[in-house]
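Take a look at the letters that make up each chain.
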Amino acid sequence: NTDALLGLAAVAQARRDTRTAMHYLTKARDLIDQAPDRLYKYSLIALNSGLRSDAVSSLKKAIQLRPSEPSYYFLLGIAWLQHPPELQEAEEAFRGTLKVRPEHAEAQLHLGYVLLKQRKYPDAREWLQKGIQRNQSKPEPFYYLGLIEQEQNQTEKAIALFERAIQLSPSFGNAHVALGAAYLKLKNYARAQEELETGVKLNPGDSKAHYNLALLF
């Protein structure tokens, strides 16, 4: 039955056996009924297998059948963020999550991120600050708020936010790189080098870190 096929697909996926997972997913897709929970489960496995269009289609059906379930909207937003990202569609999905569950902290964070990527800075700041009010232990909202301040040439404010993100997560490579770039802008070359080199150690492939380090020499 459908549940068994989805279970087999999930096991194959966990073993990184993409070919077998795809085989079971194809069979499940042909048999899947109109139960929203099964559509959601299928979408989750399909998304992890790189089948975004299938996941999106199934999630939209699940939402039609059960429009009060926030997890369906949220996963739809995550699906739209897969490469290539569709930011407007992702924004609508995360707003849908928050419409049915306003206190959904992850949706607040992701909506803030999506708005930031679209340069909708006032709205992005509002949602990221809501996320911080709900949970002050996550580094990402501070990092994203720092990026907003950096884009608006508020370098000192950006530095404080990046440092807060690093306090919460010392291995947050992107925050170290952003902090290094901010110090570089202020011509504090010693701190810039320290943070950028830390960023490279944490993420050797970060092109922004290498570029900014090159500017120091």
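Colleague: Can you help me understand the environment of Y73 in this one?
Modeller: The topology assignment puts Y73 in helix α5 (residues 70-81). Looking at Y73, the relative accessible area reads 14%, which means it is buried. Put simply, Y73 and I63 are 10 residues apart on the chain and 7.2 Å apart in space, counted from C-alpha to C-alpha. Not counting chain neighbours up to four residues away, the residues in contact with Y73 comprise I63, P67, A93, G96, T97 and V100. From its side chain, Y73 meets the backbone oxygen of P67 in a polar contact 2.8 Å long.

Colleague: Please clarify how the packing of helix α12 (residues 189-202) against helix α13 (residues 207-215) should be interpreted in this entry.
Modeller: Interhelical geometry of α12 versus α13 gives an angle of 145 degrees and a closest axis separation of 9 Å. As for how α12 packs across α13, the hand of that crossing is left-handed. Residues Q193, L196, E197 and V200 of α12 touch α13, and the partners they reach there are A209, H210, N212 and L213. Taken together, the residues that form the contact of α12 with α13 break down as four nonpolar, three polar and one charged.

Colleague: So what exactly am I meant to see when it comes to unusual backbone geometry here?
Modeller: The omega angle of the peptide bond from H83 to P84 is -5 degrees, so this bond is cis rather than trans. Mapped onto the elements, P84 comes out in the loop between α5 and α6 (87-100). Positive phi, close to 60 degrees, is recorded for R16, a residue that is not glycine. Topologically, R16 is positioned in the loop between α1 (2-14) and α2 (18-31).

Colleague: In this structure, what is going on with helix α4 (residues 52-65)? I would like to understand it.
Modeller: Residue pairs three or four apart in sequence face the same way in an α-helix, which turns once every 3.6 residues. The terminal C-alpha atoms of α4, which comprises 14 residues, lie 20 Å apart, in line with the 20 Å expected from a rise of 1.5 Å per residue. Listed in full, the buried residues belonging to α4 are R52, D54, A55, V56, S58, L59, A62 and I63.

The rules we used
- Residues numbered from 1 in each chain as written.
- Predicted model: local features only at pLDDT ≥ 70, side-chain atom pairs only at ≥ 80, totals over all residues.
- Heavy atoms only, no water.
- Helix = DSSP H or I, 4+ residues; strand = E, 2+ residues; numbered from the N terminus.
- Buried < 20%, exposed > 50% of the residue type's maximum accessible area, 1.4 Å probe, protein only.
- Contact = heavy atoms within 4.5 Å.
- Polar contact = N/O pair within 3.5 Å; in protein donor to acceptor, adjacent residues only side chain to side chain.
- Axes fitted to C-alpha atoms, helices over the stretch in contact; angles between N-to-C directions.
- Left-handed = near helix turned anticlockwise from the far one by under 90°.
- Nonpolar A, V, L, I, M, F, W, Y, C, P; charged D, E, K, R; others polar.
- Expected span 1.5 Å × (residues − 1).

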